[in-house]
Amino acid sequence: MAHDHSPGSLPEGEGSVALFLSSSRARLVLTGEIDVALRGEISEAMDEALEASLPIEIDTRGVTFMDSSGVSMLARLSARAPDRLQLIDPPELVRFLLDLTRIGQLVDVVEADPGFPFDPDPDPGVPAGGVDRAAD
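*Asks:* Give a description of the nonpolar core that names residues and reports values.
*Replies:* One recurring pattern in soluble globular proteins: nonpolar side chains tend to sit buried together. With 28 residues, the main nonpolar core has Leu28, Leu30, Ile56, Ile58, Met66 and Leu77 as its most contacted residues. Broken down by secondary-structure element, the contributors of at least two residues to this core are strand 1 (15-21), strand 2 (26-34), helix 1 (39-51), strand 3 (56-66), helix 2 (68-80), strand 4 (85-88) and helix 3 (92-101). With 5 residues, helix 1 is the largest single contributor of residues to this core. Not counting residues up to four positions away in its chain, the partners in contact with leucine 77 are Leu28, Met46, Leu50, Ile56, Ile58 and Leu85.

Structure follows, in structure tokens:
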């Protein structure tokens, strides 16, 4: 399942959350405006990622805005994740928030996307390609 996560693909004022799972890691993709309107979708995606008990990476390259609920999500997830979170090349806005809140000390920033390993024979219990949680 392919998703367009470029910032220009969402109407202004909207954000989206997508979770992709493989046998080796989970990737949470945040795009657009990450705010309280996405609280339920982010919480559900976080719970699924944690349930998988895999290393978690967060792709925030397409984030255009993040309020305190997004920052809170990063803090909660970093406290509950089995390994240190990896943030893939976060934009300046997200880097600023990581520094301001000191959450940057709890996560690893990866400057280049390592790619995501879609398994050739996915587990039947895991949705192929991931679960998309776009805001309405």
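Let us keep going from here.
*Asks:* With reference to specific residues and values, describe the side chain of glutamate 57.
*Replies:* Summarising the element assignment, glutamate 57 is placed in strand 3. Residues contacting glutamate 57, with those up to four places away along its chain left out, are Arg25, Ala26, Arg27, Leu28, Gln86, Ile88, Pro114, Gly115 and Phe116.

*Asks:* For the environment of arginine 76, give the residues involved together with the corresponding values.
*Replies:* Within the secondary structure, arginine 76 is located in helix 2. What makes arginine 76 partly exposed here is its relative accessible area of 36%. It is 9.2 Å that separates the C-alpha atoms of arginine 76 and methionine 46, two residues lying 30 residues apart in sequence.

*Asks:* Before we move on, can you summarise the environment of alanine 45 with the specific residues and values?
*Replies:* Position of alanine 45 relative to the elements: it lies in helix 1. Judged by its relative accessible area of 0%, alanine 45 falls in the buried class. In sequence terms alanine 45 and alanine 18 are 27 residues apart; their C-alpha atoms lie 7.4 Å from each other.

*Asks:* Residue-level account of the packing of helix 1 against helix 2, with values.
*Replies:* Describing two packed helices takes the angle between their axes plus the distance from one axis to the other. Here helix 1 crosses helix 2 at 15°, and the two axes come no closer than 11 Å. Comparing the axis directions of helix 1 and helix 2 gives the class roughly parallel. In this structure, helix 1 meets helix 2 at a crossing whose hand is right-handed. Judged by residue contacts, Ile42, Met46, Asp47 and Leu50 of helix 1 engage Met73, Arg76, Leu77 and Arg80 from helix 2. In terms of residue class, the contact of helix 1 with helix 2 is built from 5 nonpolar, no polar and 3 charged.

Rules used throughout
- The residue numbers shown here count from 1 along each chain, following its written sequence.
- Only residues with pLDDT of at least 70 are given local features in this predicted model, and only at 80 or more are side-chain atom pairs given and counted; all residues enter the totals for whole chains, interfaces and linings.
- Side-chain calculation: all heavy atoms of the structure are included, whereas hydrogens and water are not.
- Residues belong to one nonpolar core when they are buried, are Ala, Val, Leu, Ile, Met, Phe, Trp, Tyr or Cys, and are joined through side-chain atoms within 4.5 Å.
- Relative accessibility thresholds used throughout: buried, under 20% of the residue-type maximum; exposed, over 50%; partly exposed, between the two (1.4 Å probe, protein chains only).
- The helix and strand labels rest on DSSP assignments: H or I over at least four residues marks a helix, E over at least two residues marks a strand, and numbering proceeds from the N terminus.
- Here a residue-residue contact requires only that any non-hydrogen atoms of the pair lie within 4.5 Å.
- Throughout, an axis means a line fitted to C-alpha atoms (over the contacting stretch in the case of helices), and angles, computed between N-to-C directions, take values from 0 to 180 degrees.
- By the definition adopted for this analysis, an angle is roughly parallel if under 35 degrees, roughly antiparallel if over 145, roughly perpendicular if from 65 to 115, and oblique otherwise.
- For a crossing to be left-handed, the near helix must be turned anticlockwise from the far one by less than a right angle; the clockwise case is right-handed.
- Amino acids are sorted into nonpolar (Ala, Val, Leu, Ile, Met, Phe, Trp, Tyr, Cys and Pro), charged (Asp, Glu, Lys and Arg) and polar (every other residue, Gly among them).

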